[in-house]
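Residue-level listing of the chains:
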Amino acid sequence: TWRALAADLREWRPAVMIAALDCADEANQQVCMDFGITGFPTLKVRPAPQGSGTLGLFEVAGGGDTAVRDLRHSIITNLEQSHDAWPPACPPLEPASTDEVRSFFQRNNVKYLTLIFEESNSFVGREVTLDMLQYENIAVRRVLSSEEELVRKFGVTSFPSAYLLLSNGSFSRLPVHMEARSFYTYYLRMLPGVTRGSYKLNVTSSASNLTTTALLKHADRSKVYMADLESALHYSLRVEVTRTRVLSGAALSALKCYVALLAKYFPGRPFVQTYLQGLDSWLRNWTEPDCLTLFPSLLQASHPAMLPTNVTWVGCQGSEPHFRGYPCSLWTLFHLLTLQAFQSELPLEVLSTMRCYVRNFFGCQECAQHFEAMAAESMDKVQGRQEAVFWLWSHHNEVNARLAGSDTEDPKFPKLQWPPPDMCPLCHKEESGLHAWDEPAVLRFLEAHFSPGNIDPGYTEPDTELLARERATVAANVGLSANQPIERDGERERDKEDKDKEEEGKEEEKPPEEGVEGEMGARERPGSSELRRPSIVRLSGRAREAQDDIVDLDSFSEQHFKSKALRAAGRRRRLSKRDTLPLHVAAGGPRDFDYAVGWERPRHGGLGAWRRPEEAAVGEGLRRSPWFRVLGLGFSRVDVSLCIVLYFLSSMCLLGMYTFFRLRMRSRKGRPGFPTA
Ligand SMILES: Cc1cc2nc3c(=O)[nH]c(=O)nc-3n(C[C@H](O)[C@H](O)[C@H](O)COP(=O)(O)OP(=O)(O)OC[C@H]3O[C@@H](n4cnc5c(N)ncnc54)[C@H](O)[C@@H]3O)c2cc1C
């Protein structure tokens, strides 16, 4: 549709230009967000900027099925409404008056004037005007049927009809076979003396059809690649979800379900799992009034929380950048999850989450509509876990069949009924001369193919490099060099001791909210009218105005890790006086945890399963510390100790005075009694 539209409006340049922007490409994420694109295809009209430089965007229509004619009409209507920013190269589109026509040749140096008589709701006149924009020696104006004087003068009997006026005052009706745009345009372009202008579109080299065909990575199609899965997570959470301007209601629930599912079943690297689990607990509770209190316990998890930010397609690599990639990885991810959830009590757990995700976030709107239609037809009928696996497999094959031979098919990776016979010979059989699937064999194949053991870590960034980079980022964020320990024993320790005391004093003096806010990003401040959001909620430029919540998963990871390091630094400060445990997480030293134990993770362990006893002890201490602050009412430890000492001394003093006076009283009472005898 868009290509047809661009071809149809080619002659309208320079008044109207059609440009395509690939919003599926992460490199265009910002500009697509600025334009408010939440799915594609979407068509936006941007009037040529004038003075103020404001965009003044308005949406014309969405949906690839909209007819080119309707889109063309919408563009004209929107052009006419944008009085403030009339494109400089756009001819007048409003109807001509009798006076204007009468004096036309005195004011314009052209050979021909074409008048198209039409009803007010007709677009032919304006379309032909724009079609002839690049042609010289001719002008086109529309005249409405209500312009009686002109209608009478030209003897117009039907609408639309076109009349050609010459500068000598003679006129004639255009002898066309059909009163239609293309017939008018063709006739006018053939007139003697009418020539095409010299307008040329400035095409920069980047706009030309240069495709960089990178060397294809070696991929074994019998494997599932972790690089594809992590790229899918990155793209879905950081690109696709953040396109949603208002994250509330159904979209928020869909995100929560999606993240909860990932946290539960995604067989990822431990730091990715920690990231997902952290995000899940945060999202799960963020509407509750006390949700933020759960966050500190998460920060005590010893594993760094991280989701790699690079996109690397391996099993989903296309022969050209616009083929395969993300949609392929999303299918792969959900197949994997249906099989990981095989023990789940809820057969629809994965499918309904996928349905919600696709409906709310999947950028390809056409795909989302097709998927929703399939889901509405039969998804609810799924009874058991095995049926859920089969439902996704068979419907994916349905999509493969529909798309085979379409222009979205990568010629190097044709759409097949999957798994093909060479991948799973036992999956195929013949029944009465027709192909049939052997379902038990298919299930066995799917279980093996989408098992964690079949996930190839190839092309993922090695854990050590990723963590080192992350540490460097965190260290930079907290103002330390990557190789510099946050604190060393001995000299540095003693030098810092006094400073520490000071800082501790200051820290203890802070009201309890501030201490917590430092870790969690935000908290309602007493006296502040505005409820501050956790720092993992980013307000995008546009959303900021409307105060819409956009969960910024990048900053979630960053903040999570950074605050963990900050907290650890604080914790270390306190611990360092008692022992000399090095702080490894941010210091770049050997890790005090072993996360590279493989891809498996404790299924039901949750966060606690990753915690070590000493962390639990430290956690206890930290959990108590806010109470200490509350009881201390802002006094430092020194203040409290002095109070206790003074209290003790004054008590002793009182006790001494009491004993002294009591003894004296006794001795006085006894003295007069002696001489009575
Ligand atoms: C929900 C959804 C709906 C979509 N709808 C459309 C649409 O309407 N129109 C459109 O043009 N594009 C649509 N797409 C994209 C399209 O389906 C492909 O994802 C895309 O064209 C890339 O194709 P591919 O060759 O990489 O393989 P994909 O079809 O994406 O498959 C990815 C991988 O999954 C495996 N696989 C293939 N078939 C199956 C199966 N039946 N069961 C299990 N695993 C399988 C293979 O290893 C394959 O490499 C949709 C994508 C999704 C996620």
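All values derive from a computational prediction rather than experimental measurement.

What counts and what doesn't
- Residues numbered from 1 in each chain as written.
- Predicted model: local features only at pLDDT ≥ 70, side-chain atom pairs only at ≥ 80, totals over all residues.
- Heavy atoms only, no water.
- Helix = DSSP H or I, 4+ residues; strand = E, 2+ residues; numbered from the N terminus.
- Buried < 20%, exposed > 50% of the residue type's maximum accessible area, 1.4 Å probe, protein only.
- Contact = heavy atoms within 4.5 Å.
- Areas by Shrake-Rupley, 256 points an atom, 1.4 Å probe, with all protein chains shown as cover.
- UniProt positions renumbered as here; feature names shortened; annotations may be inferred.
- Near = heavy atom within 4 Å.
- Polar contact = N/O pair within 3.5 Å; in protein donor to acceptor, adjacent residues only side chain to side chain.
- Pairing = 2+ DSSP bridges.
- Salt bridge = Lys/Arg side-chain N within 4 Å of Asp/Glu carboxyl O.
- Phe/Tyr/Trp six-rings, centres within 6.5 Å; stacked < 30°, edge-to-face > 60°.
- Lys NZ or Arg CZ within 6 Å of the ring centre and 35° of its normal.
- Core = buried A, V, L, I, M, F, W, Y, C linked by side-chain atoms within 4.5 Å.
- Expected span 1.5 Å × (residues − 1).
- Axes fitted to C-alpha atoms, helices over the stretch in contact; angles between N-to-C directions.
- Disulfide = S-S within 2.5 Å.
- Left-handed = near helix turned anticlockwise from the far one by under 90°.
- pLDDT = per-residue confidence, 0-100.

(A) Just the overall build of the protein chain, in detail. A count of helices and strands for the protein chain gives 25 helices and 14 strands. Of all 677 residues assigned to the protein chain, the portion counted as buried reaches 44%. The contacts of the protein chain with a sequence gap of at least 6 include a subset with a gap of at least 24, amounting to 70%. A total accessible area of about 35900 Å² is found for the protein chain, and carbon and sulfur atoms account for 55% of it.

(B) Main features of the UniProt feature "transmembrane region" (unreviewed entry) in the protein chain. Mapped onto this numbering, the UniProt entry annotates "transmembrane region" (unreviewed entry) at residues 644–661. With 100% helix and 0% strand, the stretch residues 644–661 has end C-alpha atoms that lie 26 Å from each other.

(C) Broad picture of the site of the ligand. Among the 21 residues in the neighbourhood of the ligand, the closest are listed as Arg324, His370, Trp393, His396 and Lys415. Contact between the ligand and asparagine 400: a nitrogen atom at 3.0 Å from a side-chain N or O atom of the residue. Contact with the protein chains covers 91% of the free accessible surface of the ligand, which is 940 Å². Counting only elements with at least two residues in the shell around the ligand, the list comes to α13 (326–340), α15 (365–378) and α16 (385–403). Looking at the shell around the ligand element by element, the count peaks at seven residues for α16.

(D) Seen up close, the pairing of strand β11 (residues 434–437). As paired strands, strand β10 (residues 428–431) and β11 are joined by four bridges and run antiparallel to one another. Note that in β11 the partner of glutamate 430 across the bridge is histidine 435. Between β10 and the antiparallel strand that follows it, β11, lie two residues; serine 432 among them carries a positive phi value of about 50 degrees.

(E) Quick peek at the pattern of salt bridges. Overall, the coordinates contain 22 salt bridges when judged by the stated rule. As a salt-bridge pair, aspartate 8 and arginine 72 come within 2.8 Å of each other at their nearest N and O atoms. Remark: arginine 72 occurs in helix α3 (residues 68–81) and aspartate 8 occurs in helix α1 (residues 2–8); sequence separation between them is 64 residues. By relative accessible area, aspartate 8 is classed as partly exposed at 23%.

(F) A look at the packing of aromatic side chains. Per the counting criterion, the structure on display carries 17 aromatic pairs. With a centroid separation of 5.5 Å and 90 degrees between ring planes, the pair formed by phenylalanine 117 and tyrosine 163 is classed as edge-to-face. Within this pair, whereas phenylalanine 117 is found in strand β3 (residues 112–118), its partner tyrosine 163 is found in strand β6 (residues 161–166), the two being separated by 46 residues in sequence. Given the relative accessible area of 0%, phenylalanine 117 is considered buried. Judged by relative accessible area, tyrosine 163 falls into the buried class, the value being 5%. With centroids separated by 6.0 Å and ring planes inclined at 45 degrees, the aromatic side chains of tryptophan 418 and phenylalanine 450 adopt a geometry described as tilted. Pair noted here: tryptophan 418 is in the loop between α16 and β10 and phenylalanine 450 is in the loop between α17 (439–449) and β12 (455–456), with a separation of 32 residues, a long-range link. Residue classification places tryptophan 418 among the partly exposed positions, given a relative accessible area of 23%. In textbook terms, an aromatic cluster arises when at least three aromatic residues are bridged by ring pairs, as seen for Phe117, Phe154, Tyr163 and Phe171. Here the basic side chain of arginine 126 rests over the ring of phenylalanine 123, its NZ or CZ set 4.4 Å away from the ring centre. A cation over a ring is seen here: arginine 324 above phenylalanine 413, with NZ or CZ 4.2 Å from the ring centre.

(G) Fine view of the nonpolar core. Formed by 76 residues in total, the largest nonpolar core has its most connected members in Leu233, Leu237, Phe266, Leu276, Leu333 and Phe334. With 10 residues, the single largest contributor to this core is helix α10 (residues 249–265). Leave out the neighbours within four places in its chain, and leucine 233 touches Arg238, Tyr258, Leu262, Phe266, Val272, Leu276, Leu307 and Leu333.

(H) A look at α3. In this model, α3 (14 residues) spans 20 Å end to end at C-alpha, consistent with the 20 Å of a helix rising 1.5 Å per residue. Within α3, the full set of buried residues consists of Leu71, Arg72, His73, Ile75, Ile76, Asn78 and Leu79.

(I) The sheet that holds β3, seen in detail. Taken together, four strands build an open sheet; the order of strands is β5-β3-β6-β7 and the sheet is mixed. Each having just a single partner strand, β5 (138–144) and β7 (171–173) make up the two edges of the open sheet. Between one strand axis and the next, the sheet turns through 25 degrees on average, direction left out of account. Relative to β5, β3 runs parallel, the two sharing seven bridges. Note that in β5 the partner of leucine 115 across the bridge is arginine 141.

(J) Highlighting the state of the cysteines. Within this structure, the stated rule accounts for four disulfides. Between cysteine 23 and cysteine 32 runs a disulfide, and the two sulfur atoms are separated by 2.1 Å. Handedness here is read from the sign of the S-S torsion; for cysteine 23 and cysteine 32, about -90 degrees, the answer is left-handed. Each of the two residues, cysteine 23 as well as cysteine 32, counts as buried. There is a disulfide in this structure between cysteine 364 and cysteine 367, and the S-S distance comes to 2.1 Å. Between cysteine 364 and cysteine 367, the S-S dihedral sits near 75 degrees, and the bridge is therefore right-handed. By sequence-ordered numbering of the bonded cysteines, the protein chain has its disulfides arranged as 1-2, 3-4, 5-6, 7-8.

(K) The arrangement of the side chain of asparagine 454 in detail. Residue placement: asparagine 454 occurs in the loop between α17 and β12. Contacts of asparagine 454, omitting those with residues within four sequence positions, involve Ser222, Lys223, Val224, Ala448 and His449.

(L) Quick peek at the packing of α10 against helix α11 (residues 270–285). Contact pair α10 / α11: the axes reach a minimum separation of 8 Å and the direction vectors enclose 145 degrees. With respect to the hand of their crossing, α10 and α11 are arranged in left-handed fashion. Residue-level contacts link Leu255, Lys256, Val259, Ala260, Leu262 and Ala263 of α10 to Leu276, Gln277, Leu279, Asp280, Leu283 and Arg284 of α11.

(M) Molecular detail of helix α14 (residues 349–361). The terminal C-alpha atoms of α14, which comprises 13 residues, lie 18 Å apart, in line with the 18 Å expected from a rise of 1.5 Å per residue. By the burial criterion, the buried members of α14 are Glu349, Val350, Leu351, Thr353, Met354, Arg355, Tyr357, Val358 and Phe361. Residues of α14 that are buried make contact with α9 (226–240), α10, α13, α15 and α16.

(N) Structural detail: the environment of lysine 412. Counting through the fold element by element, lysine 412 comes out in the loop between α16 and β10. A residue is classified by how much of its surface remains accessible, and lysine 412, at 59% relative accessible area, is exposed. For the pair formed by lysine 412 and glycine 318, sequence separation is 94 residues and the distance between their alpha carbons is 7.8 Å.

(O) Layout of the confidence of the model for the protein chain. On average, residues of the protein chain carry a pLDDT of 74, and 66% of them reach 70 or more. Ranking the helices and strands of the protein chain by mean pLDDT puts strand β9 (residues 224–225) first, with 98, and helix α23 (residues 584–587) last, with 32. Confidence drops under pLDDT 50 across residues 51–59; counting only partners more than four residues distant or on other chains, this segment forms 17 contacts. With pLDDT under 50 throughout, residues 504–554 is counted as low confidence; its partners more than four residues away or in other chains account for 105 contacts.

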